[in-house]
Amino acid sequence: MSHAAVGAPGTPRRYLHSLWLLSARDLKVRYSTSILGYLWSVLDPLVMSAIYWFVFTQVFNRDVGEEPYIIFLISALLPWVWFNASVSDFTRAFKKDARLVRSTAIPRSIWVNRIVLSKGIEYLFSLPVLVLFIVVNLFVELDPGRTVHVGWGVLWMPVAMLLQTVLLVGLGLLVAPLCVLFVDLERTTALILRAMFYATPIIYNVTDLPGIFQTLGAFNPLAGIMMLYRMPFFPDQWNPFTLTISVIMSLLILGLGIWTFRSLERLVLKEL
């Protein structure tokens, strides 16, 4: 392929072209080696949502969240799957393709960004699950309560995706090199992610937290992001304070990630 098509070496156009090729490779490997292929992008969040909906609506008496709860739940669960899968893969971002990382002249940040992009595309592939529940809810009352309507808040979803991308890139640039230098961080990250699921407003609202925990919960950068994902269906969730904190913390994490990555890049290459 000519330089005119993909850009000269070292240019942003060449970087973006390489980023797309690597992300597409990840998706092809994921789906071509599986019998169900694309269906896993739908089945995984579908099964998770069904389990949590059954437990919190049919087994236990729930006093958190909004109605219909299945829409409230899945609208945050889908982006959480994107976040969780990305951070998990960050721990192996360099070790998985160590030979390519060492030998290619492409900026090494691409090995983080391709994870964010490929997992983000998988998130988009999973959105039919949310659409399905919205359509079903129009005809069947899944939970006692109001029928959900998609409003102007749908305009906040691209903003949520952009903010989550910023956060993930920052975390990736921070986690990926540290996991090469400190092997135990891979397992530590898995434990932190398990705790973060319950510390993130997925099965509840930040406003459902008692006392000081409500303020502390707002300092989770995912809190404002999840709020934006729910805005199309639950506009009363709007909280400028939570969103402001999420924006500030996401930008701070991005800055910290860039600084850490640049400081440790040479050490990482030596370790690989």
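Every value quoted in this text rests on a predicted model; they were computed, and no experiment measured them.

**Some words on a nonpolar patch on the surface**
Reasoning step 1: Residues Leu39, Leu43, Val47 and Ile51 make up a contiguous nonpolar surface patch of roughly 320 Å² in combined accessible area.
Reasoning step 2: Mapped onto the elements of the fold, Ile51 is located in helix 3 (residues 39-59).

**Quick notes on the nonpolar core**
Reasoning step 1: Residues Ile71, Trp80, Phe83, Phe90, Phe94, Ile202 and Tyr229 are the most contacted members of the largest nonpolar core, which totals 63 residues.
Reasoning step 2: Counting residues per element, the ones that place at least two in this core are helix 2 (12-32), helix 4 (69-90), helix 6 (110-139), helix 7 (156-181), helix 8 (185-199), helix 10 (221-230) and helix 11 (240-271).
Reasoning step 3: If one sorts the elements of this core by residue count, helix 4 sits on top with 14 residues.
Reasoning step 4: Not counting the four nearest positions on each side in its chain, Phe90 is found in contact with Val112, Ile115, Val116, Leu168, Leu171, Gly172, Val175 and Ala176.

**Digging into the packing of helix 4 against helix 10**
Two quantities define a packed helix pair, namely the angle between the axes and the distance from one axis to the other.
Reasoning step 1: Viewed as axis vectors pointing N to C, helix 4 and helix 10 meet at an angle of 130°, and their least axial separation amounts to 9 Å. It follows from the interaxial angle that helix 4 and helix 10 lie oblique. Once helix 4 is placed against helix 10, the crossing between them reads as right-handed. In this structure, helix 4 uses Phe72, Leu73, Ser75, Ala76, Pro79, Trp80, Trp82 and Phe83 to contact helix 10, whose residues at the interface are Leu222, Met226, Tyr229 and Arg230.
Reasoning step 2: When the residues that make up the contact of helix 4 with helix 10 are grouped by side-chain class, the tally is 10 nonpolar, 1 polar and 1 charged.

**A closer look at the packing of aromatic side chains**
Reasoning step 1: Considering all chains together, one arrives at 11 aromatic pairs under this definition.
Reasoning step 2: Centroid distance Trp80 to Phe197: 5.7 Å. Interplanar angle 65°. Geometry classified as edge-to-face. Placement of Trp80 in helix 4 and of Phe197 in helix 8 is noted, with a sequence separation of 117 residues between them.
Reasoning step 3: Residue class for Phe197 comes out buried when judged on its relative accessible area of 6%.
Reasoning step 4: Between Phe94 and Phe261 the ring centres are 6.0 Å apart and the planes differ by 40°, which places this aromatic pair in the tilted class.

The rules behind the values
Residues numbered from 1 in each chain as written. Predicted model: local features only at pLDDT ≥ 70, side-chain atom pairs only at ≥ 80, totals over all residues. Heavy atoms only, no water. Patch = residues over 30% accessible without salt bridge, like charges linked within 9 Å, V, L, I, M, F, W, Y side chains within 5 Å. Areas by Shrake-Rupley, 256 points an atom, 1.4 Å probe, with all protein chains shown as cover. Salt bridge = Lys/Arg side-chain N within 4 Å of Asp/Glu carboxyl O. Helix = DSSP H or I, 4+ residues; strand = E, 2+ residues; numbered from the N terminus. Core = buried A, V, L, I, M, F, W, Y, C linked by side-chain atoms within 4.5 Å. Buried < 20%, exposed > 50% of the residue type's maximum accessible area, 1.4 Å probe, protein only. Contact = heavy atoms within 4.5 Å. Axes fitted to C-alpha atoms, helices over the stretch in contact; angles between N-to-C directions. Parallel < 35°, antiparallel > 145°, perpendicular 65-115°, else oblique. Left-handed = near helix turned anticlockwise from the far one by under 90°. Nonpolar A, V, L, I, M, F, W, Y, C, P; charged D, E, K, R; others polar. Phe/Tyr/Trp six-rings, centres within 6.5 Å; stacked < 30°, edge-to-face > 60°.

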